[in-house]
Structure formats: structure tokens, C-alpha cells
Amino acid sequence: MPAARLARITCLLLFTLLAACGESGDPFGGSAGDAAAPSAASAGNDDAGHGEQVLNVYNWSDYIGPDTIANFERETGIKVNYDVFDSNEVLEAKLLAGHTGYDIVVPSASFVARQIKAGLFQPLDRMQLPHYNNLDADILHALATYDPDNVYAVPYMWGTTGIGYNVAQVTARLPGARLDTWGLLFDPDTVAKLADCGVALLDAPSETFPAARFALGLPASSTSVTDLGAAEAALSSIRPYVRYFHSSQYINDLANGELCVAMGWNGDVLQARARARDAANGNDIAYVVPREGALMWFDSMVIPKDAPHPANAHRFLDYLMRPEVIAAVSDAVHYANANAQATPLVSPAVRDDPAIYPDAQTRARLEAAAPTNPEFDRLVTRAWTRVKSGR
Ligand code: N2P
């Protein structure tokens, strides 16, 4: 029964998040969201002064239904300017530079914690979110690990980071080999055999370094400099076999047969599978959570502190909390949403796909992405630049 399964998944989410945050379960010492938080006055959610029927949204690419925006515009008369990004790193650079003009942005929870502390967001006004109660209580509880008391962030979709591959192309080059392993990408002898049909990695150090650590049997969220060096060496050793680093191009390229292996996000790989099926081009694309383990993450919507249209932002958030609206998004993007009331409305093909709603065995291999750590991330960014430039 879907509701029971969702409950089990969200319990696991909670468990893994708490595990990732250490024994106290409180990585922030209980201080997040105080000093740096915007004042109630600056968070006023009345667009009346602006009177503008506009909403500026910055979301991940391939992460909304085909008519989600048009239906909102028709219903509300609000014109949506919709831009996309494809990595947390790109979004965070914009947010830190400031004055983005966006009313809604969608960072992963692991990035949200320090972005809240940096004072980048304004608190939600629950009075303007009458459908808030539809959200899954367990996911909200898990999100509170990053956003205490759920003051700023609304959970949107969640998923995993694994490997997408072209079944025929890979099995032809690795006959009889197990394919549920990071070794597909991180074992130099293996990946060398796949280089000719196209190998891609996400252009996101927050994803590639944990994957390398999973491959090496190291703690995925390790902040040890020695482990970082080992992960960098692993990434550098496979660099000659990687066609490109990019965080969204792999969807079309997997679908078209231009790539045979890609580190990627579950829903994006499944969109590639769907595009190949629609095109009837014979490419059979599969997604796997490697047996060594993989990250799980969830993406959440927040309102920047200086958002020009915060009331319209609340209207959009509340619209997305309607079960029929968010179920249609899940059907289109092949990601699980965070709305308990929506689960029965999600199409069975999506609801029953273990790549989207993982089974118990897979769940046991998942680990929640740990909150980002600015000091350590500076080292990671430099290491990533070295990996990509092949130095
Ligand atoms: C959407 C990718 C979102 C998942 N294309 C990564 N958080």
C-alpha cells in the first residue's frame, strides 16, 4: 500500500539524516535561524506595494510538469518568469552574490542549512499556505534537521544519486559483469572499456566526491583531508575516460545513445529512459543505486530575503501543495514528491518504480547528504578544479 511504503521511506530518510548529523542529531547547536534571520518586518509578505502580477522562479532543469506553470498563470493571472539551473553550486554562487531578483529558489536541504545561517532567506508565512498540512510530516521532520522548526523551506522532491546506463552498450563491453557498482565509473580498467560509448559525470563536487568515497569504501560525507586526497586521486585516475562533466546534458545524451554511462540523479535518468521509449530508438536505459551505497537528498523551495514578490511566492508554494498539482509534477519528472496526500494520485508506473520509491534493500544502502561545510568545501572546490582540468 503506497501510504505505508511512503511512511517507511520517510522513516528511513529521518534515520539516515540523523545518522549523518552525528549523535546529537543537531549539527547546528540549536542556533540556526536566529541571529542571521531576517526580521519579521523585512519579511512582510504583502506585494500590494509592488502590485505586480509577476513571479520569478529559479528551479532545477527538467523539474516541473509540462503545464504546471501555465495552469498557475491561468488560475492566478500572475506571470511567471521561469529560469533553470542544474547544480546546487551554481545556485549558491548566485544567492551569495545577492540581488538575484528571484522569488523562489530550490536548493537541496544539505545546502539550505548554511544558506539559512547566511541570512539568505525569509521565513514562510504559514497563514498564506492553507495546503501546508498536505506535506508529509516525516519528511518535514527530517527537513527540520537542516531548517529547525521548518521556518524557511518547503520540501519539493527527493531522490538519489546513482548511475544511469545503456543496457545493451554496457553489457556488450562488460559481458557477465555486475553493473550495480561504482566500479563502472571508478575502476579505471572498467571505465576504460566504456570510454568509447561515452561516460559522463555530474559537474557537482557535492556529488562526485561522495561517489568517489563510496567507491573507495570511505565514509561518504568524510571531511578528512586524507580521504579527500584519495577521492581526488580516484577522480583524476578516471579523468581520461570521461567525455564531459555536466549536470543535465546527460538526459538527452543517454536517451539518444550518445552516452552509455552517466553519474546522475534518479529522475533524470528515468526521464532519459522515457525519452528513448518515446522516440522508439531502441535505447534501453537503466538506473542503479550502487551496492557500495549512494546519497539521498531532498530539494526544497525557499524565498530569498530580498524577493520582490513574496506574496506571489507563497501563492505558488501553496499551489504546489495541492495533491493533484504535485502528483502531476512527479508523473512528469519521475521524482518522488513530499506531499502525503499526493501519493495515491501519482501514476502507478511512477509510484511502483523502485528507482523512484526505493525498496527496503536499496533504502538500506542510502545515506542522506550531510550539511555543507564552507571551510572544507573550499578544499573540495580546488580539488574539483584540478580534476576537471586534468592537472
Ligand atoms: C533535476 C535534478 C534535481 C535533482 N533535473 C538534484 N537535486
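Sequence positions are assigned chain by chain, starting from 1 and proceeding in written order. Given that the model is predicted, a residue must reach a pLDDT of at least 70 before its local features are reported, and side-chain atom pairs must reach 80 or more before they are shown or counted; all residues, however, enter totals for whole chains, interfaces and linings. As a convention, hydrogens and water are excluded, and side-chain values are obtained from all of the structure's heavy atoms.

Draft legend 1. Representation of the overall build of the protein within the structure. The number of helices and strands found in the protein is 17 helices and 13 strands. Any two residues whose heavy atoms approach within 4.5 Å at even a single point are treated as in contact. Of the contacts formed within the protein by residues at least 6 apart in sequence, a portion of 76% connects residues at least 24 apart. Methods summary: accessible areas were calculated by the Shrake-Rupley approach with a probe of 1.4 Å, and residue burial reflects only the protein chains presented. Put simply, the protein shows about 15200 Å² of open surface, and 52% of that area lies on carbon and sulfur atoms. The secondary structure listing takes helices from DSSP runs of H or I that are at least 4 residues long and strands from runs of E that are at least 2 residues long, numbered from the N terminus.

Draft legend 2. Geometry of the side chain of Gln115. Here Gln115 shows up in helix 4 (residues 109–117). Partly exposed describes any residue whose relative accessible area lies between the buried limit of under 20% and the exposed limit of over 50%, with all areas from a 1.4 Å probe on protein chains only and scaled to the type maximum. Its relative accessible area of 1% is what places Gln115 among the buried residues. Here Gln115 is in contact with Glu92, Leu95, Pro107, Leu120 and Phe121, once residues within four sequence places are set aside.

Draft legend 3. Broad picture of empty space enclosed by the protein. Space inside and on the surface of the protein is sampled on a 1 Å grid over the protein atoms alone, with a cavity defined as a set of points where a 1.4 Å probe fits but cannot get out and a pocket as an open set with protein on both sides within 12 Å along at least 5 of 7 lines; lining residues have an atom within 4 Å of a point. Grid points are joined across faces, edges and corners, and a volume is the space filled by probe spheres set on the points. What the rule picks out here adds up to three cavities of 30 Å³ or more. Of the pockets and cavities examined, the largest cavity occupies roughly 110 Å³. As for the largest cavity, its lining consists of 14 residues, of which Trp60, Trp265, Trp297, Asp299 and Tyr335 are closest to the centre. Elements represented by at least two residues in the lining of the second largest cavity include exactly strand 5 (154–166) and helix 13 (310–320). For the lining of the second largest cavity, the element with the highest residue contribution is strand 5, accounting for three residues. Charged means Asp, Glu, Lys or Arg here, nonpolar means Ala, Val, Leu, Ile, Met, Phe, Trp, Tyr, Cys or Pro, and polar covers whatever is left, Gly included. When the residues that make up the lining of the second largest cavity are grouped by side-chain class, the tally is ten nonpolar, one polar and no charged.

Draft legend 4. Local environment of the state of the cysteines. The disulfide criterion used throughout: a pair of cysteine sulfur atoms within 2.5 Å. Using the criterion set out here, one finds one disulfide in the structure. Two residues, Cys197 and Cys260, share a disulfide whose sulfurs are 2.0 Å apart. Taking the sign of the S-S torsion, about 65° here, the bridge from Cys197 to Cys260 comes out right-handed. One end of the pair, Cys197, is in the loop between helix 8 (188–194) and strand 6 (199–201); the other, Cys260, is in the loop between helix 11 (250–256) and strand 8 (261–265), and 63 residues separate them in sequence. As far as the burial class goes, Cys197 and Cys260 line up, both buried.

Draft legend 5. The arrangement of the packing of aromatic side chains in detail. The aromatic pairing rule takes the rings of Phe, Tyr and Trp, using the six-membered ring of Trp, and pairs them if the centres are within 6.5 Å, calling planes under 30 degrees apart stacked, those over 60 edge-to-face and the rest tilted. Counted under the stated rule, the structure contains 16 aromatic pairs. Note on Tyr58 and Tyr102: the rings are 4.4 Å apart at their centroids and 0° apart in plane angle, and the pair reads as stacked. Taken together, the residues Tyr58 in strand 1 (residues 54–60) and Tyr102 in the loop between helix 3 (88–97) and strand 3 (104–105) connect sequence positions 44 residues apart. Classification of Tyr58 as buried rests on a relative accessible area of 4%. Their ring planes at 90° and their centres at 6.5 Å tell us that Trp158 and Tyr357 sit as a pair that is edge-to-face. Of this pair, Trp158 sits in strand 5 while Tyr357 sits in the loop between helix 15 (348–351) and helix 16 (360–363), placing them 199 residues apart in sequence. Accessibility expressed as a relative area gives 1% for Trp158, which makes it buried.

Draft legend 6. Highlighting the sheet that holds strand 1. The three strands lie next to each other as 2-1-3, forming an open sheet whose pairing is parallel. Each edge of the open sheet carries a strand with a single partner, namely strand 2 (79–85) and strand 3. An axis is simply a line fitted to the C-alpha atoms; with a helix, the fit covers only the stretch in contact. Between two such axes, the angle follows the N-to-C directions and lies from 0 to 180 degrees. Running at roughly 160° to strand 2, helix 2 (residues 68–76) makes contact with strand 1 and strand 2 of the sheet. Along the sheet, helix 3 makes contact with strand 1, strand 2 and strand 3, crossing strand 1 at roughly 140°. Between any two strands, pairing holds if DSSP finds at least two bridges.

Draft legend 7. Quick peek at the layout of surface pockets. For the largest pocket, the calculated volume is near 760 Å³. Considering the residues around the largest pocket, the lining is formed by 41 residues, among which Glu89, Phe111, Ser206, Thr372 and Asp377 are closest to the centre. For the lining of the largest pocket, the elements supplying multiple residues, two or more each, are helix 3, helix 4, helix 9 (205–216), strand 10 (294–301) and helix 17 (374–389). By residue number, the principal contributor to the lining of the largest pocket is helix 17, which donates eight residues. Class assignment for the residues of the lining of the second largest pocket results in five nonpolar, one polar and three charged.

Draft legend 8. Just the confidence of the model for the protein, in detail. Every residue gets a pLDDT, meaning the predictor's confidence in that residue, from 0 to 100. Summary statistics for the protein give a mean pLDDT of 89 and a share of 87% for residues scoring 70 or more. Considering only residues more than four positions removed or in separate chains, one finds that residues 1–46, a stretch of pLDDT under 50, has 76 contacts.

Draft legend 9. Molecular detail of helix 10 (residues 225–238). A helix is expected to span 1.5 Å multiplied by its residue count minus one. In a regular helix each residue adds 1.5 Å, so 14 residues correspond to 20 Å; helix 10 covers 20 Å between its end C-alpha atoms and thus fits that length. Taken together, the buried positions of helix 10 are Asp227, Leu228, Ala231, Glu232, Ala234, Leu235 and Ile238. Angularly, the buried residues of helix 10 cover 160° about the axis, an arc narrow enough to put them on a single face. In helix 10, the exposed residues that point more than 90 degrees away from the buried face are Val225 and Thr226. The inward-facing, buried residues of helix 10 abut helix 7 (183–186), helix 8, strand 6, helix 9 and helix 17. Think of a polar contact as two N or O atoms within 3.5 Å of one another; within protein, one of them needs to be a possible hydrogen donor and the other a possible acceptor, and neighboring residues in sequence only count if both atoms come from side chains. Of the residues flanking the start of helix 10, the one acting as N-cap is Ser224, its side-chain oxygen 3.2 Å from the backbone nitrogen of Thr226. Here the arc refers to the directions that run from the helix axis out to each C-beta atom.

Draft legend 10. The arrangement of the site of the ligand in detail. Any residue with a heavy atom positioned within 4 Å of a molecule or strand is treated as near that molecule or strand. The full set of residues close to the ligand is Trp60, Ser61, Asp62, Tyr63, Ser108, Trp265, Asp268, Trp297, Asp299 and Tyr335. Between the ligand and Asp268, the relevant distance is 2.9 Å, taken from a nitrogen atom to a side-chain nitrogen or oxygen of the residue. Between the ligand and the protein, one listed contact pairs a nitrogen atom with a side-chain N or O atom of Asp299 at 2.8 Å. Burial of the ligand by the surrounding chains reaches 98%, relative to a free accessible area of 260 Å². Of all the cavities here, the one that holds the ligand is the largest cavity. The residue inventory of the shell around the ligand, partitioned by class, reads five nonpolar, two polar and three charged. Molecules are considered to sit inside a cavity or pocket once more than half of their atoms lie within 2 Å of its grid points.

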